[in-house]
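# Structural description and commentary
As a plain string of letters, each chain reads:
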Amino acid sequence: MWLKLFFLLLYFLVLFALARFFEAVVWYESGVFATQLVDPVTLSFKKLKTILECRGLGYSGLAEKRDVRELVENSGDLMQGELYSALKNEREQAGPSTTFSGEMHFYELVEDTKDGIWLVQVIAQDRDPLLSKANWGKMVQKVSQFGIRTGTFNCSSDSSYCRRRGWTKSTLIMSVPQTYASKGKVMLKEYNGRRIEAEHIFKWMTSHVASRIKTIRFSQQLVDDWYQQDKQPVKMFLFAKLVQPPAFFSALSIKFTGRIEFIFVDVRNWDNVSCLDKVGVQQVPSYVLKTPEGIYRYGNSTGEFISLYAMDTFLRSVQPEVNDLFVLSLVMVNLMAWMDLFITQGATIKRFVVLISTLGTYNSLLIISWLPILGFLQLPYLESFYEYSLKLLRYADTTALASWVRADWTFYTSHPALFLSTYLAHGLLIDYFEKKRRCGDEDQNANNLEWLSSLWDWYTSYLVHPIASFQNYPNESDWDDDPNFLLERLAVPDLWLHPLIPMDYIKNLPTWRFKCAHVEGNVWGDHDTNFQKPSRAEPSRGNADLEEPGDDAGGPSLGKTEDSWSGGEDQEAWPDDMIHCTECVVCLENFEIDCLVMGLPCGHVFHQQCIVVWLASGRHCCPVCRWPSYKKKPLRPAGGAESHNSCDP
């Protein structure tokens, strides 16, 4: 997890550096920055109207370019970035509007939406729509850039609901929140105008939405409101010489209902502007954010354009709600989980299986971890903690670095192809370095069929032994080649009591050749005892000699008393943690010289061939003491290894 987090933070640093590189390229080619101010005098009449449409200001009745230019200047400074975004949005097509199927669908989306605006065209039964298809498309494109959702309700789909509502003729319905509280009731407004042009309908909408914003028209009223201690500590002021605030400002007041109070200050008829100096406003127009920590003039930092999306990003960072934090954490967690696609080495199918598993795990843990957080935030004792957290967040989000981050966020979200391509390139670099780091790993060379076979083996193992199968997921196969093995296991009544143990541990058990020295005064069975004392045993680990026979045919059989093990360097020829014995209890034969023997963790020793067959049959325990053959046994008390003629306990 920490490795993925490191790679994700490294990717964010790459994006930050790449954005600065793009800015340098644009400056080198055109000599301007995105934050550079644009003189409206140099713009054409068409571009000026485009700016007004993006800000949500009506220009009907303004035939001269000078009037349009003054309206742009009175609504806020124009930057190169805003001009580029406005021209780009003009070429984009709006998304399709919603078609309501009936009363419940309309209630769920429109009447139950507490923090949004809807414009619905109601088509009466057996009537033509108020707006033609072309005019309705223009209307949808015009209002969608302000976050206003659109839809069509055909009364032929639910005529009884239209009769109860009194919709006997085709009309337009606008839904806006009725109160200033978050998640309050909504009210439906019906358009009664005679003119059905898009410009007049839009003016009707903006006038209704702007009426919800508190308007200050006198200087003394501004002073009283500025120093008043309200329940809402965060306020957004607009000081401008306008009849009504721009549509984007009014739309934001709906989105941030209950979090930020929006106030429009009309200074057209003010003779004395000294009160503006008292509150710290140096110029008009100005967008000023007032917080308990001080005031912040919006538009002086990078990426702070006079547009809906830019100001929405700024306000969400300054005064976020819980849902904003959850969405941010969700994006971060999923970006981090997708790193597994490049960190995991091996077959392609394996990468995607691990990715799906990681996505499910991370998202489940995220949701589970958010549940207690939501519960704690509702406790009254944590209100002060919540306020201090917001205070620290506001301090951080009004810095220059935060403005750079918001500008980069706006840039990459408006160019998703660039974001995805850089993420893919970053992932491929991670994959390349991971391959170099794991060049000796055999598992990364497995193809898709091999890994799918091992995955199927693990899955079938899980069906029979759901707990033990997790000990080896899913690289190696522990099933026999016999296809009837699963049916045989299902036929066992206590199959759930048989653990399925991986066989890899067998090759790590100690293996050596049995050697024994002649000690005077002892009798070695029926064989001639006149032989040379062999050198100490040559212990070896691994199964390199598995194919050698466990007993040499015709070799001498050794009989030995317990006293023959005492003293001498022969005791060093036997591993210290193994019990000295001369007989294999599996085949009940004595050990012969130079035969391969194998010890278990419990200390008992057997013929290698005998104990391997015993363990491979599924009996993963010692034939003598029943200690698990795959589990290390604690060391016996000091005092030397015990000796027996056989390995009987």
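As named in an unreviewed UniProt entry, the protein chain is RING-type domain-containing protein, taken from Denticeps clupeoides.

Of all six residues in strand β8 (residues 261-266), five are buried; the element is thus mostly enclosed. Judged from the three bridges that link them, strand β6 (residues 214-216) and β8 form a sheet pairing that is parallel. Within β8, the residue paired with isoleucine 216 across the bridge is valine 265. Inspection of the sheet shows strand β7 (residues 235-240) paired to β8 by six bridges, in the parallel sense. What sits directly across from alanine 240, in β8, is aspartate 266. For the handedness criterion, the β-α-β arrangement of β7, helix α10 (residues 247-255) and β8 is classed as right-handed.

Scanning the entire structure with this criterion turns up one disulfide. Disulfide pairing places cysteine 155 opposite cysteine 162 at an S-S distance of 2.1 Å. Here the disulfide of cysteine 155 and cysteine 162 is left-handed, its torsion about the S-S bond being about -95°. The pair formed by cysteine 155 and cysteine 162 is uniform in burial state, with each residue classed as buried.

This brings us to the packing of aromatic side chains. A full pass over the atoms with the stated rule returns 29 aromatic pairs. Both rings, one in phenylalanine 342 and one in tyrosine 423, keep their centres 6.5 Å apart while their planes meet at 65°; by these two values the pair is edge-to-face. Of this pair, phenylalanine 342 sits in helix α14 (residues 340-343) while tyrosine 423 sits in helix α18 (residues 416-437), placing them 81 residues apart in sequence. Ring geometry for phenylalanine 411 versus tyrosine 412: centroids 5.1 Å apart, planes at 70°, classification edge-to-face. Judged by its relative accessible area of 27%, phenylalanine 411 is partly exposed. Using a relative accessible area of 6% as the deciding quantity, one classes tyrosine 412 as buried. In textbook terms, an aromatic cluster arises when at least three aromatic residues are bridged by ring pairs, as seen for Phe100, Phe106, Trp118, Phe153, Tyr161 and Trp167. The aromatic ring of phenylalanine 16 is capped on one face by arginine 20, whose charged end is 4.7 Å from the ring centroid. When the ring centre of tryptophan 226 is taken as reference, the NZ or CZ atom of lysine 290 above it lies at 5.7 Å.

What follows covers the packing of helix α6 (residues 133-144) against helix α8 (residues 198-210). The description of two packed helices rests on the angle between their axes and on the distance between the axes. Across the interface, α6 lies against α8 with an axial gap of 10 Å and an inter-helix angle of 40°. Between α6 and α8, the crossing angle belongs to the class labelled oblique. Regarding α6 and α8, the two cross each other, and that crossing is right-handed. Facing α6, whose interface residues are Met139, Lys142 and Val143, α8 presents Ala198, Glu199, Ile201, Phe202 and Met205. Grouping the amino acids of the contact of α6 with α8 by side-chain chemistry returns six nonpolar, no polar and two charged.

It is the contact of helix α13 (residues 322-337) with helix α15 (residues 348-377), at a shortest axis distance of 10 Å, that shows an interaxial angle of 155°. By the angle between their axes, α13 is roughly antiparallel relative to α15. The handedness of the crossing between α13 and α15 is right-handed. Packed against α13, whose contacting residues are Val322, Leu325, Phe326, Ser329, Leu330, Val333, Asn334, Met336 and Ala337, the element α15 presents Leu355, Thr358, Leu359, Tyr362, Asn363, Leu366, Trp370, Leu374 and Leu377 at the interface.

In terms of nonpolar packing, the biggest core is built from 61 residues, with Met139, Met236, Phe262, Tyr287, Met311 and Leu315 touching the most fellow members. If you look at the next biggest cluster of nonpolar residues, it comprises 24 residues, including Leu509, Val597, Trp614 and Cys622.

In sheet architecture, strand pairing relies on hydrogen bonds along the backbone and comes in two forms, parallel and antiparallel. Here we have five strands laid out as an open sheet, ordered β1-β3-β2-β4-β5, and mixed in their pairing. Looking at strand neighbours, the two that pair on one side only are β1 (98-100) and β5 (186-190), the edges of this open sheet. Between one strand and the next, the sheet's axes are offset by a mean angle of 25°, whatever the strand orientation. Pairing of strand β4 (residues 171-177) with β5, which is carried by five bridges, proceeds in the antiparallel orientation. Of the residues in β5, the one forming a bridge with valine 176 is methionine 187. In this fold helix α5 (residues 103-111) packs onto β1, β2 (118-123), β3 (149-154), β4 and β5, with an angle of close to 135° to the strand it touches most, β1. Of the strands in this sheet, β2, β4 and β5 touch α8, which is tilted by about 25° from β4.

Mapped onto this numbering, the UniProt entry gives "transmembrane region" (unreviewed entry) at residues 325-343 and 352-377. The span residues 325-343 carries 89% helix and 0% strand; its end-to-end C-alpha distance comes to 27 Å. Across residues 352-377, helical content stands at 100% and strand content at 0%; the span's end C-alpha atoms are separated by 37 Å.

Moving on: a nonpolar patch on the surface. A cluster of nonpolar side chains, contributed by Leu3, Phe6, Leu10, Leu13 and Val14, occupies part of the molecular surface with about 450 Å² of accessible area. The topology assignment puts phenylalanine 6 in helix α1 (residues 2-30).

The subject of this paragraph is the confidence of the model for the protein chain. Low pLDDT means the predicted coordinates in that region are not meant to be read closely. Confidence in the prediction for the protein chain averages 77 pLDDT; 76% of positions are at 70 or higher. The model gives residues 465-497 a pLDDT under 50, and that stretch makes 53 contacts with residues more than four places away or in other chains.

Let us look at the environment of lysine 203. As for its placement among the helices and strands, lysine 203 is situated in helix α8. Between the C-alpha atoms of lysine 203 and tyrosine 59, which are 144 residues apart in sequence, the distance is 9.9 Å.

Moving on to the pairing of strand β9 (residues 286-291). The buried fraction of β9 amounts to six of the six residues, a majority that puts the element mostly inside the structure. Neither face of β9 is open: one carries Ser286, Val288 and Lys290, the other Tyr287, Leu289 and Thr291, and all of them are buried. As defined by bridge partners, β7 adjoins β9 across five bridges and the pair is classed as antiparallel. Counted as the bridge partner of lysine 235 is lysine 290 from β9. As defined by bridge partners, β9 adjoins strand β10 (residues 294-298) across five bridges and the pair is classed as antiparallel.

Each value, and the rule that gives it
- Residue positions are given per chain, counted from 1 along the sequence in the order it is written.
- Given that the model is predicted, a residue must reach a pLDDT of at least 70 before its local features are reported, and side-chain atom pairs must reach 80 or more before they are shown or counted; all residues, however, enter totals for whole chains, interfaces and linings.
- Note: side-chain values were computed over all heavy atoms of the structure, leaving out hydrogens and water.
- When accessible area is computed with a 1.4 Å probe and restricted to protein chains, residues below 20% of their type maximum are described as buried, those above 50% as exposed, and intermediate ones as partly exposed.
- A helix here means a DSSP run of H or I that spans at least four residues, while a strand means a run of E at least two residues long, and both kinds are numbered starting from the N terminus.
- Whether two strands pair depends on DSSP finding at least two bridges between them.
- A crossover gets the label right-handed when its path from the first strand over the helix to the second runs clockwise, viewed with the strands pointing away from the viewer.
- Two cysteine sulfur atoms make up a disulfide if the distance between them is within 2.5 Å.
- Centres within 6.5 Å are what make two rings of Phe, Tyr or Trp a pair, Trp counting through its six-membered ring; a difference in plane orientation under 30 degrees is then read as stacked, over 60 as edge-to-face, and the rest as tilted.
- Criterion for a charge above a ring: Arg CZ or Lys NZ at most 6 Å from the ring centre, at most 35 degrees from the ring normal.
- The axes are straight lines fitted to the C-alpha atoms, using for helices just the contacting stretch, and the angles between their N-to-C directions are given from 0 to 180°.
- An angle below 35 degrees is read as roughly parallel, one above 145 as roughly antiparallel, one from 65 to 115 as roughly perpendicular, and any other as oblique.
- Left-handed describes a crossing whose near helix is turned anticlockwise from the far helix through less than a right angle; right-handed describes the clockwise counterpart.
- We call two residues contacting when some pair of their heavy atoms lies within 4.5 Å.
- Basically, the charged four are Asp, Glu, Lys and Arg, the nonpolar ten are Ala, Val, Leu, Ile, Met, Phe, Trp, Tyr, Cys and Pro, and anything else, Gly included, counts as polar.
- Throughout, nonpolar core names a set of buried Ala, Val, Leu, Ile, Met, Phe, Trp, Tyr and Cys residues whose side chains join them through atoms within 4.5 Å.
- UniProt positions are given in the numbering used here, feature names are shortened, and annotations may be inferred rather than shown by experiment.
- Only residues whose relative accessible area exceeds 30% and that form no salt bridge are eligible for patches; like-charged ones are grouped when within 9 Å, while nonpolar side chains (Val, Leu, Ile, Met, Phe, Trp, Tyr) are grouped when within 5 Å.
- Each accessible area value is a Shrake-Rupley result obtained with a 1.4 Å probe; residue values ignore everything except the protein chains displayed when judging cover.
- Salt bridge, as applied in this entry: a Lys or Arg side-chain nitrogen positioned within 4 Å of an Asp or Glu carboxyl oxygen.
- Each residue gets a pLDDT score, which is the predictor's confidence in that residue and runs from 0 to 100.

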